[in-house]
Amino acid sequence: GLGTPMQCGLDANMASTADTMIFVDVDGVLNVGARDDGGAPLMLNCDGIEDATKLWGKHEKHPMRDTIERLVSISRRPLDHGEDATFSKLASVGSSE
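Thresholds, definitions, all that
The residue count restarts for each chain, going from 1 along the sequence in the order it is written. pLDDT decides what is reported in this predicted model: residues at 70 or higher carry local features, side-chain atom pairs at 80 or more are listed and counted, and totals for whole chains, interfaces and linings draw on all residues regardless. Hydrogens are left out, water is left out, and the side-chain values use all remaining heavy atoms of the structure. Runs of H or I in DSSP of at least four residues are treated as helices and runs of E of at least two as strands, each being numbered from the N terminus. The cut-offs for exposure are 20% and 50% of the maximum accessible area for each residue type, with area from a 1.4 Å probe on protein chains only; residues under the lower value are buried, those over the upper are exposed, and the others partly exposed. Contacts are assigned to residue pairs with any non-hydrogen atoms lying within 4.5 Å of each other. In these tables, accessible area is a Shrake-Rupley quantity obtained with a 1.4 Å probe, and a residue counts as shielded only by the protein chains included in the view. Salt bridge criterion: a side-chain nitrogen from Lys or Arg within 4 Å of a carboxyl oxygen from Asp or Glu. To pair, rings of Phe, Tyr and Trp, with the six-membered ring standing in for Trp, must have centres within 6.5 Å; the planes then decide the type, stacked if under 30 degrees apart, edge-to-face if over 60, and tilted in the middle. Think of it as a cone above the ring: NZ of Lys or CZ of Arg counts as a charge over the ring if it is within 6 Å of the ring centre and within 35 degrees of the ring normal. Working definition of a nonpolar core: buried Ala, Val, Leu, Ile, Met, Phe, Trp, Tyr and Cys residues. They are joined through side-chain atoms within 4.5 Å. This arc is taken over the directions from the axis of the helix to the C-beta atoms. One fewer than the residue count of a helix, multiplied by 1.5 Å, yields its expected span. Pairing between strands is defined by DSSP: at least two bridges between them are needed.

Enquirer: Got a sec to walk through the overall build of the protein chain? Specific residues and values, please.
Expert: Scanning the protein chain from N- to C-terminus turns up three helices and five strands. When the helices and strands of the protein chain are listed from N to C terminus, the series reads α-β-β-β-α-α-β-β. Looking at the 97 residues of the protein chain, the share that counts as buried comes to 23%. In the protein chain, the proportion of contacts linking residues at least 24 apart, taken out of those at least 6 apart, comes to 38%. Per element, the accessible surface of the protein chain, about 7,100 Å² overall, is 55% carbon and sulfur.

Structure (structure tokens):
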């Protein structure tokens, strides 16, 4: 088996307080996601960034305002560590389904 999260070096208490998590899936693809209060994790993907960007500036009263703000904020955040890019460079292609 894979063992418990602690056996694999993962701290479940720390994960529950994280705002953004980056992990590499078994297929070797880097996935970027963020906690969505009360919902499933929000995955950073090209379609979502495009939709959120189209709504930016007129999203103040949109029912998905928090999601729009979260996606735009993550996509614009610098990668740092010598990388001249933002997290949008790491967005997956297609929908999060």
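Alright, that's what it looks like, and here's the rest.
Enquirer: So what's going on with the pattern of salt bridges? Residues and values would help.
Expert: All told, the structure shown has four salt bridges when counted by the stated rule. With a shortest N-O distance of 3.3 Å, R65 and E60 are connected by a salt bridge. Overlapping salt bridges bring together E60, R65 and E69 as one network.

Enquirer: Just give me the short version of the packing of aromatic side chains, but keep the residues and values in it.
Expert: Two aromatic rings are characterised by how far apart their centres lie and by the angle between their planes. The final tally for this structure, using the stated rule, is zero aromatic pairs. Here the guanidinium or amino end of R76 rests over the ring plane of W56, the centre of that ring lying 5.4 Å away.

Enquirer: Describe the environment of H62, listing the residues and the values that go with them.
Expert: Note that H62 resides in the loop between α2 (46-55) and α3 (65-76). Once you skip the residues sitting within four places of it in the chain, H62 turns out to touch L55 and I68.

Enquirer: Give me the nonpolar core: which residues, what numbers.
Expert: The tendency in soluble globular proteins is for nonpolar side chains to be buried side by side. The biggest cluster of nonpolar side chains holds 14 residues, and the ones touching the most others in it are V32, L44, A52, L71, I74 and F87. For this core, the elements supplying multiple residues, two or more each, are β2 (30-34), α2 and α3. No other element matches the four residues that α3 contributes to this core. Discounting chain neighbours no more than four positions away, the residues touching A52 are I68, L71 and V72.

Enquirer: A description of α2 should follow, citing residues and the corresponding values.
Expert: Among all positions of α2, only G48, I49 and A52 are buried. The buried residues of α2 all sit within an arc of 100 degrees when viewed along its axis, so they share a single face.

Enquirer: Describe in detail α3, supporting the description with residues and values.
Expert: Relative to the 16 Å expected for twelve residues at 1.5 Å per residue, α3 spans 17 Å between its end C-alpha atoms, a close match to the ideal helical length. Of the residues making up α3, those classed as buried are T67, I68, L71, V72, I74 and S75. Each buried residue of α3 lies within a common arc of 165 degrees when the element is viewed along its axis, so the set occupies one face.

Enquirer: Residue-level account of the pairing of strand β5 (residues 83-86), with values.
Expert: Summarising the sheet, strand β4 (residues 78-80) and β5 pair through two bridges and their orientation is antiparallel. Residue P78 lies in a different strand from β5, and its bridge partner there is T86. Count of turn residues in the β4/β5 antiparallel hairpin: two residues, of which H81 carries a positive phi of about 50 degrees.

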